[in-house]
Each structure stands twice: as C-alpha cells, then as structure tokens.
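Reading the structure
Given next are the chains, with one letter for each unit.
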Amino acid sequence: MAVLAESGSNPDVELLYDINGLAKDAPHWFDRVMEFVGEYGLLLAMVLLILWCWWSVRRRGGEDAAPSVAALVWAPLAAGLAVLVNVPIRGFVERPRPFVDHQGLDVLVSGKTDFSFVSDHATITMALGVGLFVAHRRFGLIGIGLALLEGFCRVYMGVHYPTDVVGGFALGTAVVLLLSPPATALLTPLMRAVERSPRAGWLVRRRSAAAGDRGNTVLPSARKPLDTEERDLAA
C-alpha cells in the first residue's frame, strides 16, 4: 500500500501519507497537543463558541433574538442527528481505519476499532459550524474554520482518510441546510414563547436593559404637579 501511495495512483492514500507524515517529523510534545486538540479540544472550542454566540445574541436583543437563538438550538440538534444518520452509512460502507490496511502510519490515538467512513468528528464540527453560520455569519465563519482544522487533525492523527473527512463535512452540512427550514419553523415559535416567559425569558433576551428603560421612563402626568407648582411660585 505504501507503493500505491508513492505512485500517486490513489490520491486519497497519497494525501493521507503526506499529512500523517508531518506527525513523524514533529516533536513528541506537538503530537500530544494535536492528539488532544483533534480528539477533544476542537469539540470543546465549538461548544464554547456556540455559548459565546448565544450570549452575544441575547445581549443584543431585538426582534431577531428569537430566530437567532432558534438557529443556535438547531445547530447541536443537527449535529446529533447527523451522527445518527452516519450509523447506517458506516455499517453499509464498512471501510476499515487507514492503519488497518496501510503500513507505516504514525497513529496518535489507539483503540479505534470502528469503521472509518465517515468521520464523526468532522460531521459534528461542520454541522455546528454551518449551524452557527445560519444564526450568525461572523461566528459561523469561525466555526467552519474550526471544523476544517478538525478534519486536518483527524488525518494528521492517522485515524481517517481525507475522504472520510470530506464525507463528514458533506453530511453535516446537508443535514443542517436541508432540515433547517422545518426546524426553524418549529423552534422559532418555541423560542418566542420562551422569550415571553417571565422565568425563562432571559435565555432568549437580556431583561435588565428593558427593565432599566421602563424604570427611567417618566409619565407625562408625573410632571403636571411640578409645572403647576412652578406657575404658583411665579405668580
């Protein structure tokens, strides 16, 4: 198989060896960092990014708060649904991990015995990134960038082919975009109901600013006694 990679007759395997070969030349500590980042770190970063986006949306408020929060809620739901869709795909394709069929790979994570196509990590991170993009363009671009980095890490670690990653990107994106209209139609009214709730409304829109505005409002009738008093003193 190494000869196949060197000949370039299989671009997928060739790219696998090229990217994974970087791990062989890298310091040991850097491989350990990449192992953590590719297995857990970027998933955690995506969760924190979604929370940051939610905090920004609820602080801004406005009429778009409920639809934006609905889109944020859809992002992790779509990621979970995409992973479920991947279960029968993996069972149908039954593609072994690359280190099973190819010698000389530097595998950074041991214990991977399930099938390779498609990558769950790539599916989840891209679904979260595209879901973020639907809710907020700037945060979404950051999320998609993190998803691309996740895909690189999975190949670098020697646990996925590049096409496993591309398939995961396609699956996550398709689930988010194709099911976004019905999901938004269901979740947006729910988020508007939550927004009107006196107890849970803070989940959608920050209440302190609105309450402060109401506290600072002066009713026209409240000025009448002062105006009357001033006219009496002038007389």
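Look a little higher up for the structure.
Please read these numbers as outputs of a predicted model, since none were measured by experiment. (Residues numbered from 1 in each chain as written. Predicted model: local features only at pLDDT ≥ 70, side-chain atom pairs only at ≥ 80, totals over all residues. Heavy atoms only, no water.)

Okay, the overall build of the chain next. When helices and strands are counted, the chain shows 10 helices and 0 strands. Evaluated residue by residue, the chain yields a buried proportion of 40% over its 235 residues. Long-range pairs, those at least 24 residues apart, make up 76% of the contacts in the chain with a sequence separation of at least 6. Approximately 12,900 Å² of the chain is accessible, and the part contributed by carbon and sulfur atoms is 67%. (Helix = DSSP H or I, 4+ residues; strand = E, 2+ residues; numbered from the N terminus. Buried < 20%, exposed > 50% of the residue type's maximum accessible area, 1.4 Å probe, protein only. Contact = heavy atoms within 4.5 Å. Areas by Shrake-Rupley, 256 points an atom, 1.4 Å probe, with all protein chains shown as cover.)

We now examine the packing of helix α6 (residues 120–135) against helix α7 (residues 137–156). Where α6 meets α7, the closest approach of the two axes is 6 Å, and the angle between their N-to-C directions is 170 degrees. When the interaxial angle is binned, α6 and α7 end up roughly antiparallel. Listed contacts from α7 to His121, Thr125, Met126, Gly129, Val130, Leu132, Phe133, Val134 and Ala135 of α6 are Arg137, Phe139, Gly140, Leu141, Gly143, Ile144, Ala147, Leu148, Glu150 and Arg154. Partitioned by chemical class, the residues of the contact of α6 with α7 number 11 nonpolar, 5 polar and 3 charged. (Axes fitted to C-alpha atoms, helices over the stretch in contact; angles between N-to-C directions. Parallel < 35°, antiparallel > 145°, perpendicular 65-115°, else oblique. Nonpolar A, V, L, I, M, F, W, Y, C, P; charged D, E, K, R; others polar.)

Let's shift gears to the packing of helix α3 (residues 28–60) against helix α4 (residues 65–93). Direction vectors running N to C along α3 and α4 enclose 170 degrees, while the axes themselves pass 9 Å from each other. The angle between α3 and α4 falls in the class roughly antiparallel. Along its contact with α3, which presents Ile50, Cys53, Trp54, Val57 and Arg60, the element α4 presents Ala65, Ser68, Val69 and Leu72.

This part takes up a nonpolar patch on the surface. On the surface, a cluster of nonpolar side chains totalling about 440 Å² of accessible area is made up of Leu81, Leu84, Val85, Leu178 and Leu179. Elements with a contribution of two residues or more to the nonpolar patch: α4 and α8 (162–196). No other element matches the 3 residues that α4 contributes to the nonpolar patch. By the element assignment, leucine 84 lies in helix α4. Residue leucine 84 is classed as exposed on the basis of its relative accessible area, which comes to 57%. (Patch = residues over 30% accessible without salt bridge, like charges linked within 9 Å, V, L, I, M, F, W, Y side chains within 5 Å. Salt bridge = Lys/Arg side-chain N within 4 Å of Asp/Glu carboxyl O.)

A few words on α4. Taking 1.5 Å of rise per residue, the 29 residues of α4 would be expected to cover 42 Å, and the 42 Å separating its terminal C-alpha atoms lies within 8% of that figure. Directly after α4, the chain includes glutamate 94, whose backbone phi takes a positive value near 55 degrees. (Expected span 1.5 Å × (residues − 1).)

As a working rule, side chains carrying opposite charge can pair if their charged atoms are close by. This model, assessed by the stated rule, comprises 8 salt bridges. Of the charged contacts, one joins arginine 95 and aspartate 12 as a salt bridge, the two residues approaching to 2.8 Å between their closest N and O atoms. Of this pair, arginine 95 sits in the loop between α4 and α5 (98–101) while aspartate 12 sits in helix α2 (residues 11–25), and the two are 83 residues apart along the sequence. Under the relative-accessibility criterion, aspartate 12 is labelled buried at 12%. A salt bridge links arginine 90 to aspartate 114, with the nearest nitrogen and oxygen atoms 2.5 Å apart. Here the residue arginine 90 occupies a position in helix α4, and aspartate 114 occupies one in the loop between α5 and α6, the gap between them amounting to 24 residues. Residue arginine 90 is classed as buried on the basis of its relative accessible area of 10%. Each of the salt bridges in this network shares a partner with another, and the network as a whole consists of Arg90, Arg97, Asp114 and Asp120.

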